[in-house]
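# Close look at the chain arrangement
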Amino acid sequence: MTSYLKPPKSLLRKVGRAIADYDMIRDDDRILLGVSGGKDSLSLLHILGHLQSYAPVKFDLGVLTVDPEVEGFDPHSLTEYYTQIAVPWHYAEQPIMEQAKQNMDGNSFCAYCSRMKRGIMYSTCRKEGYNVLALAQHLDDLAESLLMSIFHGGQLRTMKANYTNREGDVRIIRPLAYVRENQTADFAKNANLPVIPDSCPACFSMPTQRESMKQLLAQLEGQNKHLFANMLHAMRPLLQEELTTDHKEGSAT
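Residues numbered from 1 in each chain as written. Predicted model: local features only at pLDDT ≥ 70, side-chain atom pairs only at ≥ 80, totals over all residues. Heavy atoms only, no water.

For the protein, an unreviewed UniProt entry supplies the name tRNA 2-thiocytidine(32) synthetase TtcA and the organism Solemya elarraichensis gill symbiont.

See the structure below:
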């Protein structure tokens, strides 16, 4: 049996602080983590697994992988890995790509896929008795969402750190809210996590607003090394806002 890997302290500190700041994990929570096979979700799996072993708050942890049946993407190899580290796992398949061709509006496959996956995650939480859904978006994702909301929606909004879905039966948390993408990339590489390359090839073949925001932020950070720290400071009131209804948040990674 393979045990959870210990993430670096820099990661644990940021995740621990975010969990405490937004009261993400509570006694007896049953947490379902969405794992796509990318560096972020696999890193969060080991972070939560490590925290589970020593945190004063006791919680259960399970994982769910949704296969959108996109050509070139095969996450089946993850199931063996889940068994090795002895984490309860769930697997769902749905032809999201084909459904998108018929039903989606606009050109954002990522947003459509995210909504479809979210529905599958909620239904799995209900069926299997999980009350919390953990997602692996990080600070870079939150900053991109803020710019997308401003530029394309005329609103000051971003992904929330902790909120409840419309039905009121599942809390959604983002423990990586303070973590930079390069931190999860470094951990995944150094720990040799079984990352599935280009976890959704369709996302790389279709233009997205999110990718444009990522490029813009990278350019701006080259001119201002404090950019993301400043953006996090500005976003804190948005992260703290309590919502009881779902809202469009862009794609999940």
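Don't stop here, the text continues.
A few words on the pattern of salt bridges. Counted according to the given criterion, the structure contains 13 salt bridges. With a closest N to O distance of 2.9 Å, Glu 221 and Arg 180 form a salt bridge. Linking Glu 221 in helix H9 (residues 209–221) with Arg 180 in the loop between strand S6 (171–173) and helix H7 (181–190), this pair joins segments that are 41 residues apart in sequence. A residue is classified by how much of its surface remains accessible, and Arg 180, at 15% relative accessible area, is buried. Within this structure, Lys 39, Asp 40, Glu 144, Glu 181, Arg 210 and Lys 214 form a network of salt bridges that share partners. (Salt bridge = Lys/Arg side-chain N within 4 Å of Asp/Glu carboxyl O. Helix = DSSP H or I, 4+ residues; strand = E, 2+ residues; numbered from the N terminus. Buried < 20%, exposed > 50% of the residue type's maximum accessible area, 1.4 Å probe, protein only.)

Mapped onto the secondary structure, Arg 210 falls in helix H9. At 2.8 Å, the side chain of Arg 210 forms a polar contact with the side chain of Ser 145. (Polar contact = N/O pair within 3.5 Å; in protein donor to acceptor, adjacent residues only side chain to side chain.)

Backbone geometry places Asp 23, a non-glycine residue, at a positive phi of 50 degrees. By the element assignment, Asp 23 lies in the loop between helix H1 (9–21) and strand S1 (29–34). Backbone geometry places Asp 28, a non-glycine residue, at a positive phi of 70 degrees. Its location among the elements puts Asp 28 in the loop between H1 and S1.

With that out of the way, let us pick up the packing of H1 against helix H2 (residues 39–54). Between H1 and H2, the least distance of the axes is 11 Å, while the angle of their chain directions is 75 degrees. Our classification of the angle between H1 and H2 gives roughly perpendicular. Residues Leu 11, Leu 12, Val 15 and Ile 19 of H1 touch H2, and the partners they reach there are Ile 47, His 50 and Leu 51. Of the residues belonging to the contact of H1 with H2, the class tally is six nonpolar, one polar and no charged. (Axes fitted to C-alpha atoms, helices over the stretch in contact; angles between N-to-C directions. Parallel < 35°, antiparallel > 145°, perpendicular 65-115°, else oblique. Contact = heavy atoms within 4.5 Å. Nonpolar A, V, L, I, M, F, W, Y, C, P; charged D, E, K, R; others polar.)

To continue, consider the sheet that holds S1. Hydrogen bonding along the main chain pairs the strands of a sheet, whether they run parallel or antiparallel. In spatial order, the strands read S3-S2-S1-S4-S6-S5; together these six strands make up an open sheet with mixed pairing. Looking along the sheet, the strands with just one partner apiece sit at the ends: strand S3 (89–93) and strand S5 (162–164). Here the average twist between neighbouring strands, direction ignored, is 25 degrees. Note: S5 against S6, three bridges, orientation antiparallel. Directly across from Asn 162, in S6, lies its bridge partner Ile 173. Along the sheet, H2 contacts S1, strand S2 (59–67) and strand S4 (132–134); its crossing angle with S2, the most-contacted strand, is approximately 165 degrees. (Pairing = 2+ DSSP bridges.)

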